Amino acid sequence: MGWLQSVAPLYLVFYGYEATGIFVLAISAYVALAMGLFNVLGSLLQGIYENKQAIKYTTLGLGVKLVLQYPLTLWLGVFGPLLATGIAMSWASYLMLRFLYLKYNLPTGQLQVNVNKMFIVALLMFGVTLLFVSGYYMVFPGNSRLSALVGLSLAAGIGGYLYLLACFKLGLLQRILGIKVTSKLQKIFRWK
């Protein structure tokens, strides 16, 4: 979620300014969220020896993509294939989550608490970095690659640090990285 607010400078660094390319990258950022969830759930199913289910839901997702690809491309042009992929990955992810919940009695209570914490931290990081990027481009010109690279680097550093700090304060960092790595980060950044 952190790079959603930085698509314009990110695109500018690599390709120069072009409005359509920036919008395509922005849509791709949202589709990447669905693809990431799909990859995690597919790997999880394979890890618990539910390969047939993983393949079944992947095939159903591919079917949804094939059905939606042509009409969405006709309707939305370059954005059609991206949206077809996002919808297909979301559908397959929903099916995988439903399977895990029904077969393994997935403990949704604690899972929801942790997901909500991570979502709040991600929104906080998004908001702060969005404010930073907006302020940065009010002061420095946003049409040069060097300026975009500096702004992007600073935004990534600020966003990454804020995300780590918020996860540390909420106790998520210890669960994700373990106590040993968290202690090292705590010493490096002097967190209390």
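Right above here is the structure, for reference.
Residues numbered from 1 in each chain as written. Predicted model: local features only at pLDDT ≥ 70, side-chain atom pairs only at ≥ 80, totals over all residues. Heavy atoms only, no water.

**Student:** Could you give an account of the overall build of the chain, with specific residues and numbers?
**Tutor:** Each helix and strand in the chain was counted, giving 8 helices and 0 strands. Secondary structure elements in the chain, listed N-terminal to C-terminal, are α-α-α-α-α-α-α-α. If one aligns the C-alpha atoms of the chain with their principal axes, the spans along those axes are about 55 × 50 × 20 Å. Residue burial in the chain is summarised as follows: out of 192 residues, 32% are buried. In the chain, the proportion of contacts linking residues at least 24 apart, taken out of those at least 6 apart, comes to 63%. Accessible surface, the chain as shown: approximately 12000 Å² in total, 72% of it carbon and sulfur. (Helix = DSSP H or I, 4+ residues; strand = E, 2+ residues; numbered from the N terminus. Buried < 20%, exposed > 50% of the residue type's maximum accessible area, 1.4 Å probe, protein only. Contact = heavy atoms within 4.5 Å. Areas by Shrake-Rupley, 256 points an atom, 1.4 Å probe, with all protein chains shown as cover.)

**Student:** Run through the side chain of Lys-65, naming residues and quoting values.
**Tutor:** Of note, Lys-65 is situated in helix H3 (residues 51-76). If near-sequence neighbours (up to four positions away) are discounted, Lys-65 is found in contact with Pro-81, Ala-84, Thr-85 and Ala-88.

**Student:** Explain unusual backbone geometry residue by residue, including any values.
**Tutor:** Unusually for a residue other than glycine, Tyr-49 sits at a positive phi of about 60°. Position of Tyr-49 relative to the elements: it lies in the loop between helix H2 (19-47) and H3. Residue Tyr-49 is classed as exposed on the basis of its relative accessible area, which comes to 74%. Residue Arg-190 is not a glycine yet carries a positive backbone phi of 60°. Among the structural elements, Arg-190 can be located in the segment after helix H8 (179-189).

**Student:** Which residues make up H3, and what are the values?
**Tutor:** In this model, H3 (26 residues) spans 35 Å end to end at C-alpha, consistent with the 38 Å of a helix rising 1.5 Å per residue. Of all the bends in H3, the greatest reaches close to 35° and is centred on Gln-69; the proline Pro-71 follows between one and four positions later. Among all positions of H3, only Gln-53, Ala-54, Tyr-57, Gly-61, Lys-65 and Leu-72 are buried. Residues of H3 that are buried sit in contact with H2 and helix H4 (79-104). Backbone geometry just after H3 places Gly-77 at a positive phi near 65°. (Expected span 1.5 Å × (residues − 1). Bend = angle between axes of the 7 residues up to and from the residue.)

**Student:** Before we move on, can you summarise the nonpolar core with the specific residues and values?
**Tutor:** Counting residues in hydrophobic clusters, the biggest one holds 12 residues: Ala-34, Phe-38, Leu-41, Leu-45, Ala-54, Tyr-57, Met-89, Ala-92, Leu-95, Met-96, Phe-99 and Leu-100. Looking at this core, the elements with two or more residues in it are H2, H3 and H4. Among the elements that line this core, the one with the most residues is H4, at 6 residues. Those residues in contact with Met-89 that sit more than four places away from it in its chain are Ala-34, Met-35 and Phe-38. (Core = buried A, V, L, I, M, F, W, Y, C linked by side-chain atoms within 4.5 Å.)

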